[in-house]
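Architecture at a glance
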Amino acid sequence: MDSEVVLLSGNANINLSKKICEYLKVPLGKALVSQFSDGESRIEVLENLRGKDVYLLQSLSNPANHYIMESLVMIDACRRASANKITLVAPYFGYARQDRKTGPRTPISAKLLAELYEAAGIDRLLSLELHNSAIQGFFNVPVDHLFANSLFYEYFSKLPIKDLVIISPDSGGVERSRALAKKFDCGLAIIDKRRDKPNDSAVMNIIGSVKGKNCLIVDDIVDTGGSLVRACDALMQEGALEVRAAISHAVLSGPALKRIQESSLVQVLVTDSIPLSKQAQCTDKIVQISISSLVAEAIHRIHNYDSISSLFI
Ligand code: R5P
């Protein structure tokens, strides 16, 4: 990376930002990212940004409203400081589950966020496992969309798991699961999930054979853990041997940890797109791997106008 690059970080995931900087051998840019006494974001970038390409690292995780506003204010500061290009690096892009109108008088919050970030002044978005790939089209600036499958493959291919079958926990995740099944050269099963209200799901049917198999559920988000645990129960009822999960974004709100701990799940692999709480770190079924080298390599290639498609599987 050259001297024309400045990496800045919001407060959402400082550890990940530091690892990305380490990989790129670029020091984290100096900035005051703080709050006024009433809670408003208070930002001051403490180095020259004129003509620089700024990469702003911020996951839009809990408290999402605060971290979104913090990053918007940072982008505004960078633009007014005459940065050349501003790339928002948001490994976890929050508010993405509201990606279409699901009923009368409901919002499309993913589109609203795209408009807010463009109005603030981003030139590009780099994200990982967007809830819906179509969110790329909500932006008029380029979006680079990374996938976690290569990391999941690297981890699970080292374990002695026989008779593996990849599970898509809903119809929306089939593409992601199919890609991983192809990589493992194994079968795919799909769960027909019906949701009566947000954060509540009911497993209705399993399409495909899981009897006597070791199942790996692949999903983008584990939030309350309801979908995951119910999917696991359904698979066990159908005669699965063991059930594991690989989830990109460990939102883990409300009863998630308790549900996972009390479930039949053998292991839940998550990434560090969102920092784990202390309690989650102590939950022995949860294993965390880092996306830092994947994201850092993508930044390196974007900056050098290289292709990033070889980072996908
Ligand atoms: C849904 O479409 C997502 O892919 C996740 O399955 C869902 O957001 C997980 O939510 P929860 O853990 O609250 O069931």
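Higher on the page you've got the structure.
What comes next concerns the included structure. These numbers come from a predicted model, not from an experiment.

1. Notes on the site of the ligand
Surrounding the ligand, one finds 15 residues, the nearest of these being D219, D220, T224, G225 and S227. Between the ligand and D170 there is a distance of 3.4 Å, counted from an oxygen atom to a side-chain nitrogen or oxygen. Between the ligand and the protein, one listed contact pairs an oxygen atom with a side-chain N or O atom of D219 at 2.6 Å. Protein chains shield 92% of the accessible area of the ligand, which is 380 Å² for the free molecule. For the shell around the ligand, the elements supplying multiple residues, two or more each, are β9 (187–197), β11 (214–222) and α6 (226–237). Here the shell around the ligand takes four residues from β11, the largest share from any one element.

2. Observations concerning the sheet that holds strand β6 (residues 124–128)
Taken in spatial order, the five strands make up an open sheet running β1-β4-β5-β6-β7, and their pairing is parallel. Here the strands that pair on one side only, and so sit at the sheet edges, are β1 (5–9) and β7 (143–146). On average, each strand axis in the sheet is inclined to that of its neighbour by 15°, with strand direction left out of account. Bridge count between strand β5 (residues 85–90) and β6: four bridges; the pairing is parallel.

3. Re the packing of aromatic side chains
The final tally for this structure, using the stated rule, is three aromatic pairs. Ring centres of F93 and F139 lie 5.8 Å apart, and the angle between their planes is 70°; this geometry places the pair in the edge-to-face category. Linking F93 in the loop between β5 and α3 (109–120) with F139 in the loop between β6 and β7, this pair joins segments that are 46 residues apart in sequence. Judged by centre distance (5.0 Å) and plane angle (85°), the ring pair of Y155 and F156 falls under edge-to-face.

Conventions used here
- Counting starts from 1 at the beginning of each chain's written sequence and moves along it residue by residue.
- A pLDDT threshold of at least 70 governs which residues receive local features in this predicted model, and a stricter bar of 80 or more applies before side-chain atom pairs are shown or counted, although totals over entire chains, interfaces and linings include all residues.
- Water and hydrogen atoms were dropped before computing side-chain values, which therefore reflect all heavy atoms in the structure.
- The rule for a residue being near a molecule or strand is that one of its heavy atoms must lie within 4 Å of it.
- The definition of a polar contact used here is a pair of N or O atoms within 3.5 Å, where within protein one atom must be able to donate a hydrogen and the other to accept one, and adjacent residues in sequence count solely through side-chain atom pairs.
- Per-residue and other accessible areas follow the Shrake-Rupley method at a 1.4 Å probe size, with only the shown protein chains counted as cover for residues.
- Secondary structure follows DSSP: runs of H or I at least 4 residues long count as helices, runs of E at least 2 residues long count as strands, and numbering of each begins at the N terminus.
- For two strands to pair, DSSP has to find at least two bridges joining them.
- Lines are fitted to the C-alpha atoms to define the axes, a helix being fitted only along its stretch in contact, and any angle between axes, read from their N-to-C directions, falls within 0 to 180 degrees.
- A pair of aromatic rings is counted whenever rings of Phe, Tyr or Trp (Trp by its six-membered ring) have centres within 6.5 Å, and the orientation is called stacked for planes under 30 degrees apart, edge-to-face for over 60 and tilted otherwise.

Any functional reading would require information that these geometric values do not contain.
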